[in-house]
Amino acid sequence: MRVLGVDPGLTRCGVGVVEGVAGRPLTMRGVGVVRTPPDEELGRRLVAIERGIEIWLDEHRPDIVVVERVFSQHNVRTVMGTAQASAVAMLCASRRGLPVALHTPSEVKAAVTGSGRADKAQVGAMVTRLLRLDAPPKPADAADALALAICHIWRAPAQNRLQQAVTAHRAARPVTPVPPVRKGPTA
């Protein structure tokens, strides 16, 4: 499985491609950051992020795109920019018919480091170790994108089995028709 991880952001949107399957050594195929100038108009920044992600999709041909799930932060301006960049990544993937998965930051940290409260340095160190790199990817947004991809590769088999079990359970359950509602006489 080849996964493009996207750590969304308006100024620095981390991107990383990891290939492999759960239980085997993983391989980094590429890592980088799509940058936009903070003083640029918002619409132009979003177009630049779209173009950057499209280049990564063309070059690496992932099987799935994994985006960090936006969560509420105290700084509304920051969360809005993150959400907008996230939407651009999901749009680019969906336009190509690629599946999109979302993982929370704590889910990614727990998968990669064993602790959902790990800091950026711990995530970078584990990404370096897991992908057998010489040094942690810089900036941290790039390492976070790789961590997203690793998390998905490791968690996808379990999530797929769970989804199949839910689907099978629903299919095996008899459908009970709902009787029509009878209205009494009105006064």
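Residues numbered from 1 in each chain as written. Predicted model: local features only at pLDDT ≥ 70, side-chain atom pairs only at ≥ 80, totals over all residues. Heavy atoms only, no water.

Draft legend 1. The overall build of the chain, seen in detail. Across its full length, the chain holds five helices and five strands. Residue burial in the chain is summarised as follows: out of 187 residues, 39% are buried. For the chain, the share of sequence-separated contacts (at least 6 apart) that also reach a separation of at least 24 residues comes to 63%. Element-wise, carbon and sulfur atoms account for 55% of the exposed surface of the chain, whose accessible area totals about 11100 Å². (Helix = DSSP H or I, 4+ residues; strand = E, 2+ residues; numbered from the N terminus. Buried < 20%, exposed > 50% of the residue type's maximum accessible area, 1.4 Å probe, protein only. Contact = heavy atoms within 4.5 Å. Areas by Shrake-Rupley, 256 points an atom, 1.4 Å probe, with all protein chains shown as cover.)

Draft legend 2. Spotlight on the packing of helix H3 (residues 105-113) against helix H4 (residues 120-130). Interhelical geometry of H3 versus H4 gives an angle of 50 degrees and a closest axis separation of 9 Å. By the angle between their directions, the pair H3 and H4 is classed as oblique. In this structure, H3 meets H4 at a crossing whose hand is left-handed. In contact with Lys-109, Val-112 and Thr-113 of H3, H4 contributes Gln-122, Val-123, Met-126, Val-127 and Leu-130. Residue composition of the contact of H3 with H4, by class: five nonpolar, two polar and one charged. (Axes fitted to C-alpha atoms, helices over the stretch in contact; angles between N-to-C directions. Parallel < 35°, antiparallel > 145°, perpendicular 65-115°, else oblique. Left-handed = near helix turned anticlockwise from the far one by under 90°. Nonpolar A, V, L, I, M, F, W, Y, C, P; charged D, E, K, R; others polar.)

Draft legend 3. Seen up close, the nonpolar core. Val-18, Val-127, Leu-131 and Ile-150 are the most contacted members of the largest nonpolar core, which has 20 residues in total. Mapped onto this core, the elements with two or more residues apiece are strand E4 (64-68), H3, H4 and helix H5 (140-172). At seven residues, H5 tops the list of elements feeding residues into this core. Ignoring anything within four residues of it in the chain, the contact list for Leu-131 reads Val-18, Leu-26, Thr-27, Met-28, Leu-146 and Ile-150. (Core = buried A, V, L, I, M, F, W, Y, C linked by side-chain atoms within 4.5 Å.)

Draft legend 4. How the structure looks around helix H1 (residues 42-60). For H1, with 19 residues, the first-to-last C-alpha span of 27 Å sits near the 27 Å given by 1.5 Å per residue. Of the residues making up H1, those classed as buried are Arg-45, Ile-49, Gly-52, Ile-53, Glu-54, Trp-56, Leu-57 and His-60. Structurally, the start of H1 carries an N-cap: the backbone nitrogen of Gly-43 is 2.9 Å from a side-chain oxygen of Glu-41. Downstream of H1 by one or two residues, Arg-61 has phi in the positive range, about 45 degrees. (Expected span 1.5 Å × (residues − 1). Polar contact = N/O pair within 3.5 Å; in protein donor to acceptor, adjacent residues only side chain to side chain.)

Draft legend 5. Looking closely at the pairing of strand E1 (residues 2-7). With five of six residues buried, E1 is to be regarded as a mostly interior element. Pairing of E1 with strand E2 (residues 12-19) involves six bridges; the strand directions are antiparallel. The residue bridging Gly-5 from the neighbouring strand is Gly-16, located in E2. Here E1 folds back onto E2, and the loop between the two strands holds four residues. (Pairing = 2+ DSSP bridges.)

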